[in-house]
Amino acid sequence: MRGNFGRAYDFETKLTAGQEQLVLGTLLGDGATQFAGTKYPRYYTTHGAVQETYCRSKAEILKNFVMTPAKIRVNQGWGELSCVFSTITHPAFEFLRTLCYEKMSEKKYVKKVTQAWLDKITWEGIAYWYMDDGTVSTNGAIVISTHSFSLPEVTLLGTWLTSLGVPAEPHLVKRNEKQYYTLNLKKVATRLFIEKVQSFVPSCMSY
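First, a word on what this report is: a plain description of the structure on this page. Bear in mind the structure is a predicted one, so any value in this text is a computation, not a measurement. (Residues numbered from 1 in each chain as written. Predicted model: local features only at pLDDT ≥ 70, side-chain atom pairs only at ≥ 80, totals over all residues. Heavy atoms only, no water.)

1. Describing the overall build of the protein
Per the secondary structure count, the protein includes seven helices and 10 strands. Here the C-alpha coordinates of the protein stretch approximately 50 × 40 × 35 Å along the principal axes. Looking at the protein as a whole, 42% of its 207 residues qualify as buried. In the protein, once contacts between residues fewer than 6 apart in sequence are set aside, the share between residues at least 24 apart is 63%. For the protein, the exposed area adds up to about 11,200 Å²; of that, 53% sits on carbon and sulfur atoms. Charge-centre separation for the protein: the mean point of 24 positive side chains lies 2 Å from the mean point of 18 negative side chains. (Helix = DSSP H or I, 4+ residues; strand = E, 2+ residues; numbered from the N terminus. Buried < 20%, exposed > 50% of the residue type's maximum accessible area, 1.4 Å probe, protein only. Contact = heavy atoms within 4.5 Å. Areas by Shrake-Rupley, 256 points an atom, 1.4 Å probe, with all protein chains shown as cover. Lys, Arg positive; Asp, Glu negative; His and termini not counted. Charge placed at Lys NZ, Arg CZ, Asp CG, Glu CD.)

2. Some words on the sheet that holds strand β7 (residues 134-136)
Read across the sheet, four strands follow the order β7-β8-β10-β9 without closing on themselves; strand pairing throughout is antiparallel. Looking along the sheet, the strands with just one partner apiece sit at the ends: β7 and β9 (168-175). Pairs of neighbouring strands in the sheet enclose a mean axial angle of 35°, with direction left out of account. Across eight bridges, β9 lies against strand β10 (residues 178-185) in antiparallel orientation. (Pairing = 2+ DSSP bridges. Axes fitted to C-alpha atoms, helices over the stretch in contact; angles between N-to-C directions.)

3. Side note on the nonpolar core
Side chains that are nonpolar tend, in soluble globular proteins, to be buried together. With 51 residues, the main nonpolar core has Leu 28, Trp 117, Ile 126, Trp 129, Leu 157, Trp 160 and Phe 193 as its most contacted residues. In terms of residue count, helix α5 (residues 123-133) provides more of this core than any other element does, seven residues in total. Beyond its immediate stretch of four places on either side in the chain, Phe 193 contacts Trp 123, Ile 126, Tyr 130, Ile 142, Val 166 and Leu 185. (Core = buried A, V, L, I, M, F, W, Y, C linked by side-chain atoms within 4.5 Å.)

4. Brief notes about the packing of aromatic side chains
Enumeration according to the criterion identifies seven aromatic pairs in this entry. Pairing Phe 35 with Tyr 101 gives two aromatic rings, centres 5.0 Å apart and planes at 85°, and the pair type is edge-to-face. Pair noted here: Phe 35 is in the loop between β1 (31-34) and β2 (42-48) and Tyr 101 is in strand β5 (residues 101-103), with a separation of 66 residues, a long-range link. Each member of the pair, Phe 35 together with Tyr 101, is buried. A centroid spacing of 5.3 Å and a plane angle of 65° characterise the contact between Phe 65 and Phe 93, whose relative ring orientation is edge-to-face. Here Phe 65, found in the loop between α2 (52-61) and β3 (71-74), pairs with Phe 93, found in the loop between β4 (81-86) and α3 (96-99); they are 28 residues apart in sequence, far enough to count as distant. A relative accessible area of 0% places Phe 65 in the buried class. (Phe/Tyr/Trp six-rings, centres within 6.5 Å; stacked < 30°, edge-to-face > 60°.)

5. Observations concerning the side chain of Gln 21
When you line up the elements, Gln 21 lands in helix α1 (residues 17-26). Judged by its relative accessible area of 5%, Gln 21 falls in the buried class. From its side chain, Gln 21 meets the backbone nitrogen of Gly 125 in a polar contact 3.3 Å long. (Polar contact = N/O pair within 3.5 Å; in protein donor to acceptor, adjacent residues only side chain to side chain.)

6. Topic: the pairing of β10
The pairing of strand β8 (residues 142-145) with β10 spans three bridges and is classified as antiparallel. Pairing of Ser 145 across the sheet is with Thr 182, part of β10. Where β9 hands over to β10, the hairpin turn is made up of two residues, of which Asn 176 adopts a positive phi near 50°.

7. Focus: the side chain of Gln 19
Here Gln 19 shows up in helix α1. Residue classification places Gln 19 among the buried residues on the basis of a relative accessible area of 3%. If we skip the residues at most four places from it in the chain, Gln 19 touches Lys 14, Ile 61, Leu 62, Asn 64 and Phe 65.

All quantities given are derived from atomic positions and should not be read as evidence of function.
Have a look at this one:
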């Protein structure tokens, strides 16, 4: 079977080191793995239309697993349009089922941040996570959105980054009667963080 990118799909193919870092890093951010109704998982991601080039660059990196290139569609949530793509279902993504997810039922899996997952992520993967969910606040410090994770998970993420030389701490955010946590770096840590990830950031995401 061949996809639009002209590659033959070999179900013995493994993820390259770069592909694995993209997947592991973005699963902390905008990436997702779909399991229900298929023998093997598939990787899926969506971005706002303003990040179309970034989304397409991800599809290009994973092109030997992609049948249909990234496309623009009407968004179901925030913003009018989004850019999306998914891989084929493939054994290469099977390890994500137990590494990055907790099984809630036969058809439901929920992301679960664990030390085993974090131990596999390099600064390349961290760069993808930041490009997905990071921003620089008005005071010049990095804030990473970790809204979907529990306080223990965000604390673990902070401890992990701190162990890599970039101190980070959970920060409680209250908005519209809801509360969640972000991961905040101070200015000095922000400079160190940027030095670590900048070589992995494509020009379309340099902002």
